Amino acid sequence: MALSHEFQALTKSFSGFGVDEKSMISVLGKWHKDDIKSYRKESPHFVQDDRLFEKWVDHHVDFLKHEFLRLKNAVVLWTMHPWERDARLMKEAIDGPQAYGVIIEVACTRSSEELLGARRAYHSLFDHSIEEDIAYRVNDSHRKLLVGLVSSYRYEGTKVHEEIVKSEAKILCAAIKNADRKNPIEDEEVVRIVTTRSKPHLKAIFQHFKGINENLDGESTFDKTMQCLCTPQTYFSKVLDASLRHGADENTKVALTRVIVTRADEEDMKEIKEEYHKQHGVSLSKKIDDEVNGNFKDFLLTLIARGE
Amino acid sequence: MATLTVPQSVPSASEDCEQLRKAFAGWGTNEALIISILAHRNAAQRKAIQETYQQAYGEDLLKALDKELSSDFERIVVLWTLVPAERDAFLANEATKMLTKSNWVIMEIGCGRSSYDLFLVRQAYHARFKRSLEEDIAYHTSGDFRKLLVPLVSAFRYEGPEVNMTLARKEAKILHEKICEKAYSDDEIIRIITTRSKPQLNATFNHYNNEFGNAINKDLKANPEDEFLKLLRAAIKCLTCPEKYFEKVLRLAINKLGTDEWALTRVVATRAEVDMQRIKEEYHRRNSVPLDRAIAGDTSGDYEKMLLALIGHGNA
C-alpha cells in the first residue's frame, strides 16, 4: 500500500514550477498498479468518469506539459546567442497577446550594442525589421513609445547636462501629475525624452523625482519604462516576485525563466539578488528552492549562483 | 555607380601625406596637388591618410586643411576627406544648429543611406558629439517634422528583396485614404514610410499608382506651400529613386540666382562614391546639358575643379 507521504510527494511534484523528477521516479516508478489506482481516486488531478474510470483532468495535463517543458525552454534559451534570444523574445511578445512589458523590458534593459544586435538578428530570423512589426501590430497609444524604445541607440557615455536634466525633469513631472487626464506616454515630449536620452541622463532625472517623492513604482507603462531604464534591478526583482507567487498565470510565470536566463551573466544579477532580498526579506535562491521543483530548479539555482 | 576615380597604382598613405604636407608648405597652397590626391582616394584610403598624417606630423589633417583653405573650396575638401559616416554625422549635427538648420539634410541622411551605413552614422555621432543622433534631432525639431524625422534616422530597415504584394495593396489603400482625408502627418502614413523596407515601399507606391491613377507624390501636391508636404514628398522620392531626388537638388542649386553652394557641395561630396554616375545621367536627361558643363558654367576656381574631379570629369 502506498504511504500518504508518498502521495503528498507526488502531488507536490505535480504542482508549482517544474517537476520533481526524482520523486516521480522513486515513487511512481515503484508503485504497484493498485497503488496508482488509489492515487487516482484520491488525487484532485483526476475525475471520476461516468463510464467508471478515473480520468485525468485535461487542464492539469496541459499544466504538466508546461512544467515538463520548463527545463527544455530554459536550456534552449540559455544556449542561444543573446541577439537571437532577444529577437525571439520580442517576436513572441509582438505576436502574442499584447505583451508590451517584454518589449519594454528588452528594449530598455539591454545596452545599445546588444539592442542593435537583436535588431540585426530579427532581420535574419523574420525578414522584417522589429520596428515595422511593432508599428504594424500596435495600434494604440503605445505605438510611438514602443517603436521609439526599440529604435533607440542611446549614447553610453556618462556626460550629462544638468540644466537639460532639470528642465526635462520638470516636463516629466508635469506629465505625471496630469496622468489622470492624459496618459504620459501619449505626450510627445515625454516620448522624446524617454526614447532618446541616454541612461545616465534619465537616471539623473529619476533622482530629481525621488527628491520630490515621486516614486514611479506603479504598474503603468510609463512607470515600467522608467524603472527598466533607471533601476532595472528593481523592475526585475518585482517581475521575479510576481512569477513566484502562487496562482500566477503562465505569462507571469514564464518571466522566471526569461529574467534569470537573460540576466545570469550580466552585472545586474548580483544587484537583482540584493534588491530581491531587500524587498522581500528572503534570498532569491531560497524562494526558488521553495517554489520550484526538480532539474529546472537546479538549473536556475546554478545560473543564479554564477559569478559568486 | 560612383564617379570617384582612383589611380591604378595608388601611392602609400605616407607618400600621400608627404605630398599634402608639401602642398601646405610655404606661403601659398598648392590646391591642384591637394585635389589630385584627395579627390582620387576612396574612403578607406582617405582614412589611412588622416591617421598617417596625425602620426607623422602630430596634427589633424582636417585642421590643417581648415587653416590652409577657405570658403567653398575648403568646405568641399574637408567634407570630402571625412569618411561617409563621420561626414553624415557632421552634416546632421550642423543641420540641428540654429543658423544652419535644415530638415532636408536630416531627411537625406535618413532616407538616402543603407540601414548599415545609417547605423555607422549613429555610431560616429556618439563618438564625436557625445550624444545620440536621435536625441539631438528630437530636441531640435517639433510637431510633424519631429514625427517624421526621428523615426527616419532611427530606422533599421530590413534590407532583403522580399515583397509582400498583399501588404503592399493594403498599405497603398491606407495611404490613399489618409491622403484623401488630408491627414498628411497621420500615424499610419508615418508608420509605413518610416518602417517598411525600400523594396516593400516601392511595391506599395507602384500599387498606389496602379490603383488610384496618380503617383503618390502627385496626390501629395495638394498644397504647394506646405513645408511638411514638401519634405514628405522628398522623403518618398529619396527612398525610392535617390538619383531623381539628388538630380532635383542639383538642378535647383545650380539654377538658383547665384548658386546654392552648400547644396551643391553636399550632394557631390555625399554621392560621389555612391551613385553620382546615375545622378549625372538623370541630370543630363532632365536638363539636356551634362552636369559637368552646368557646374563649370556656375562655379569657378579651385571649388569648380574639385567638384569636377569628384564627378569624374575628364581624368583631372
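Relevant structure appears above.
Residues numbered from 1 in each chain as written. Chains lettered and ligands numbered in written order. Predicted model: local features only at pLDDT ≥ 70, side-chain atom pairs only at ≥ 80, totals over all residues. Heavy atoms only, no water.

**A short note on the overall build of chain A**
Item 1. Check the secondary structure of chain A and you find 18 helices and two strands.
Item 2. The proportion of buried residues among the 308 residues of chain A is 49%.
Item 3. Of the roughly 15200 Å² of accessible surface on chain A, 52% is carried by carbon and sulfur atoms.
Item 4. Computed over 46 positive and 52 negative side-chain charges, the inter-centroid distance for chain A is 1 Å. (Helix = DSSP H or I, 4+ residues; strand = E, 2+ residues; numbered from the N terminus. Buried < 20%, exposed > 50% of the residue type's maximum accessible area, 1.4 Å probe, protein only. Areas by Shrake-Rupley, 256 points an atom, 1.4 Å probe, with all protein chains shown as cover. Lys, Arg positive; Asp, Glu negative; His and termini not counted. Charge placed at Lys NZ, Arg CZ, Asp CG, Glu CD.)

**As for the nonpolar core**
Item 1. One finds B:Ile34, B:Leu65, B:Ile76, B:Val77, B:Met107 and B:Met306 to be the most contacted residues of the largest nonpolar core, which totals 96 residues.
Item 2. No other element matches the nine residues that helix α15 (residues 227-240) of chain B contributes to this core.
Item 3. B:Met107 has contacts with B:Gly112, B:Leu149, B:Leu152, B:Leu231, B:Ala234, B:Ala235, B:Cys238 and B:Tyr245, leaving out every residue within four places of it along the chain.
Item 4. Core analysis: the second largest hydrophobic core is formed by 72 residues, A:Ala93, A:Ala107, A:Leu146 and A:Leu256 among them. (Core = buried A, V, L, I, M, F, W, Y, C linked by side-chain atoms within 4.5 Å. Contact = heavy atoms within 4.5 Å.)

**Points about the environment of A:Gly218**
Item 1. By the secondary structure assignment, A:Gly218 is in the loop between α12 (199-211) and α13 (221-230).
Item 2. For A:Gly218, the residues in contact, after removing those within four places along its chain, are A:Asp223, A:Gln227 and A:Lys238.

**So, helix α4 (residues 61-68) of chain B**
All names here are of chain B.
Item 1. Among all positions in α4, only Leu 61, Leu 62, Ala 64 and Leu 65 are buried. Considered in projection along α4, the buried side chains sweep an arc of 160° and stay on one side of the axis. Along α4, the residues that are exposed and aim more than 90 degrees away from the buried face are Lys 63 and Lys 67.
Item 2. For α4, the elements touching its buried residues are α1 (13-24), α2 (31-38), α3 (43-57) and α5 (71-81). (Arc of directions from axis to C-beta.)

**Focus: a positive patch on the surface**
Residue and element names in this part refer to chain B.
Item 1. There is a patch of like positive charges on the surface, built from Lys 218, Lys 221, Lys 248 and Arg 286.
Item 2. Tracing the backbone shows Lys 248 in helix α16 (residues 242-255).
Item 3. Residue classification places Lys 248 among the partly exposed positions, given a relative accessible area of 37%. (Patch = residues over 30% accessible without salt bridge, like charges linked within 9 Å, V, L, I, M, F, W, Y side chains within 5 Å. Salt bridge = Lys/Arg side-chain N within 4 Å of Asp/Glu carboxyl O.)

**Structural notes on the pattern of salt bridges**
Item 1. This model, assessed by the stated rule, comprises 51 salt bridges over all chains.
Item 2. We note a salt bridge from B:Arg278 to B:Glu243, for which the minimum N-O separation is 3.8 Å. With B:Arg278 in helix α18 (residues 276-287) and B:Glu243 in helix α16, this residue pair connects regions lying 35 residues apart in the sequence.
Item 3. Exposure remark for B:Arg278: the relative accessible area of 44% places this residue in the partly exposed category.
Item 4. Beyond isolated ion pairs, a larger network of salt bridges with shared partners links A:Glu168, A:Glu188, A:Glu189, A:Arg192, A:Arg197, B:Glu135 and B:Arg146.

**A closer look at the side chain of A:Lys297**
Item 1. Along the chain, A:Lys297 turns up in helix α18 (residues 294-305).
Item 2. Every residue in contact with A:Lys297, bar those within four places of it in the chain, is listed here: A:Ile288, A:Asp289 and A:Val292.

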